[in-house]
Amino acid sequence: MVLQILSTCQKVVNESKDVQIISSNIPKLALKIYTLIEEDKLTLDEFKKCPLHPKNEDEDAINWIFIVDSLNYCFFDPNNKSHWSVTWKNEKHTGYFGLCAAINRAIEKGINMTDMKTCLELTRNQLDEILLGDDGTTLPLLQERYLCLQQSADVLLKKYKGSFVNCILESNRSAQKLLEIISENFFHFRDESIYNNQTVAIYKRAQILIADIWSSFRGSGFGEFHDIDTLTMFADYRVPQVLLYFGVLKYSNNLKDTLKQGILLEHGAPEEVEIRAASIVAVNDIVNEVKKLMANKNVHKICNSIMVDTYLWGYRRENAAMLEDTPYHKTLNIYY
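Residues numbered from 1 in each chain as written. Predicted model: local features only at pLDDT ≥ 70, side-chain atom pairs only at ≥ 80, totals over all residues. Heavy atoms only, no water.

Identification of the chain as Queuosine 5'-phosphate N-glycosylase/hydrolase from Aphis glycines is taken from an unreviewed UniProt entry. In the Function (unreviewed entry) part of its UniProt record, the chain is described as follows: "Catalyzes the hydrolysis of queuosine 5'-phosphate, releasing the nucleobase queuine (q). Is required for salvage of queuine from exogenous queuosine (Q) that is imported and then converted to queuosine 5'-phosphate intracellularly." Annotation of the chain in UniProt includes, under Catalytic activity (unreviewed entry), the sentence "queuosine 5'-phosphate + H2O = queuine + D-ribose 5-phosphate". (UniProt positions renumbered as here; feature names shortened; annotations may be inferred.)

In structure tokens form, the structure reads like this:
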């Protein structure tokens, strides 16, 4: 599957009209990331450090990650001027962290969101209430989220005894096998596009689900995958923005103008596929460059696309004001 992701994305990069990878700018960013890894400032522990994530390492933690990642997409609403946020334990959270807070809040109220029977029996109105933001703000695509949750719970109950652990066990510690299981059984994780009459595999959310389990369990127990380094980065709209900021990606003037005007790109539009495909290939190139630095300096630490993605995504959150003038694409869809 990963070879399919990288190879189909590389074909897009080769034929791309509006997005380029500027390879000469990769070493500088790779050195920055290498230094953080060498100094233990970018480690496998990033997921666990977040107070919103499960601290336990059991079946409930696995199902929590599965449910959160079944709903983890599209946190901006072009029709809503208020920013969606959720306050939990006196702290306000937005975006993905807002979703984590909403699920944790529901569990505190006695709604067992790690039980698939409970999730399947939720009504649309109940889910809307769970996801209701501060000041009455809501997320877009609420009906789509409800259908995703229903399908996740239904398939898991019918085929895997209500536990995502059974999907992991079936994968036999292979991230690629688990990616196949997820994409074959859960339609809303099947993230593919057509570009120049060819299918392009992206699988952002399916891969992030596997990566979250790997990170949460620190690569052991249920989180042990012998081929975890074969996963690619998670092609969303924020990581490409950071790659553009660092000069690793370059957009055509037409594309930049479109994005600066706030025009939404359709999911599957050529420019949207080019941005996502180039991000996947570029991050893979960055990982290879970091690994070269490690080999030259005889450093033996973990570096893969998951960790590079974690750094770039976090960089945007920490430097939001600085990146405000760097354009990024938006699209209303269930895939990121």
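That covers the picture; the talk isn't over yet.
A. Highlighting the overall build of the chain. Helices and strands together make up the secondary structure of the chain, namely 15 helices and six strands. Against the compact-globule benchmark of 20 Å for 336 residues, the chain has a radius of gyration of 19 Å, which places it among compact chains. For the chain, restricting intrachain contacts to residue pairs at least 6 apart in sequence, the fraction spanning at least 24 positions comes to 76%. In the structure as shown, the chain presents an accessible area of about 14800 Å², 47% of it carried by carbon and sulfur atoms. (Helix = DSSP H or I, 4+ residues; strand = E, 2+ residues; numbered from the N terminus. Rg over C-alpha atoms; globule rule 2.2 N^0.38 Å. Contact = heavy atoms within 4.5 Å. Areas by Shrake-Rupley, 256 points an atom, 1.4 Å probe, with all protein chains shown as cover.)

B. Highlighting the state of the cysteines. As enumerated under the stated definition, the model contains zero disulfides in all. Cys148 supplies the cysteine sulfur nearest to Cys74, a cysteine that is in no disulfide, at a spacing of 11 Å. Here Cys303 is not disulfide-linked; the sulfur of Cys9 is the nearest cysteine sulfur, at 19 Å. Using a relative accessible area of 2% as the deciding quantity, one classes Cys303 as buried. (Disulfide = S-S within 2.5 Å. Buried < 20%, exposed > 50% of the residue type's maximum accessible area, 1.4 Å probe, protein only.)

C. Seen up close, unusual backbone geometry. Look at Asp135: it is not a glycine, yet its phi comes out positive at around 60°. Within the fold, Asp135 resides in the loop between α7 (124-130) and α8 (142-160). Here Asp135 falls in the exposed class, since its relative accessible area comes to 77%. Of note, the phi angle at Arg173 is positive, near 60°, even though the residue is not glycine. Mapped onto the fold, Arg173 is located in the loop between α9 (165-171) and α10 (175-185). Taking the relative accessible area as the measure of exposure, Arg173 reaches 41% and is therefore partly exposed.

D. Representation of the pairing of strand β4 (residues 192-195) in the model. Along β4, the buried face is formed by Ser193 and Tyr195; none of Glu192 and Ile194, which line the opposite face, is buried. Strand direction decides the pairing type here: β4 and strand β5 (residues 198-201), joined by four bridges, are antiparallel. Residue Glu192 lies in a different strand from β5, and its bridge partner there is Ala201. The antiparallel hairpin formed by β4 and β5 contains two residues in its connecting segment, where Asn196 sits at a positive phi of about 50°. (Pairing = 2+ DSSP bridges.)

E. Region of the structure containing the layout of surface pockets. Volume-wise, the largest pocket comes out at about 1200 Å³. What lines the largest pocket is a set of 44 residues, and nearest its centre among them are Phe97, Thr310, Trp313, Gly314 and Arg317. If you list the elements that add at least two residues to the lining of the largest pocket, you get α3 (46-49), α5 (95-108), α11 (204-216) and α15 (305-318). With eleven residues, the single largest contributor to the lining of the largest pocket is α15. A class-by-class count of the residues in the lining of the largest pocket yields 23 nonpolar, nine polar and twelve charged. In this structure, the second largest pocket occupies an estimated 210 Å³ of space. Lining the second largest pocket are 14 residues, with Phe76, Asp77, Pro78, Asn80 and Lys330 sitting closest to its centre. Classifying every residue of the lining of the second largest pocket gives six nonpolar, five polar and three charged. (1 Å grid on protein atoms, 1.4 Å probe; cavity = no way out; pocket = protein on both sides within 12 Å on 5 of 7 lines; lining within 4 Å. Points joined across faces, edges and corners; volume = space filled by probe spheres on them. Nonpolar A, V, L, I, M, F, W, Y, C, P; charged D, E, K, R; others polar.)

F. Highlighting the nonpolar core. Core analysis: the biggest nonpolar cluster contains 113 residues, and Phe164 and Leu243 have the highest contact counts within it. Among the elements that make up this core, the one with the highest residue count is helix α14 (residues 270-296) (13 residues). Other than its neighbours up to four places away in sequence, Leu243 contacts Leu29, Val248, Leu249, Ser279, Ala282, Val283, Ile286 and Leu312. With nine residues, the next largest nonpolar core counts Phe76, Leu141, Tyr237 and Tyr335 among its residues. (Core = buried A, V, L, I, M, F, W, Y, C linked by side-chain atoms within 4.5 Å.)

G. View of the pairing of strand β3 (residues 91-94). Of the pairings in the sheet, the one linking strand β2 (residues 85-88) to β3 comprises four bridges and is antiparallel in character. Opposite Val86, over in β3, you have His93 as the bridge partner.

H. The arrangement of α8 in detail. The end-to-end C-alpha separation of α8 is 26 Å, in line with the 27 Å expected for 19 residues at 1.5 Å each. Taken residue by residue, α8 has Leu142, Arg145, Tyr146, Cys148, Leu149, Gln150, Gln151, Ser152, Ala153, Val155, Leu156 and Tyr160 as its buried positions. Elements in contact with the buried residues of α8: α4 (59-70), α6 (116-121), α7, α9 and α10. Just past α8, the residue Lys161 takes up positive phi, approximately 55°. (Expected span 1.5 Å × (residues − 1).)

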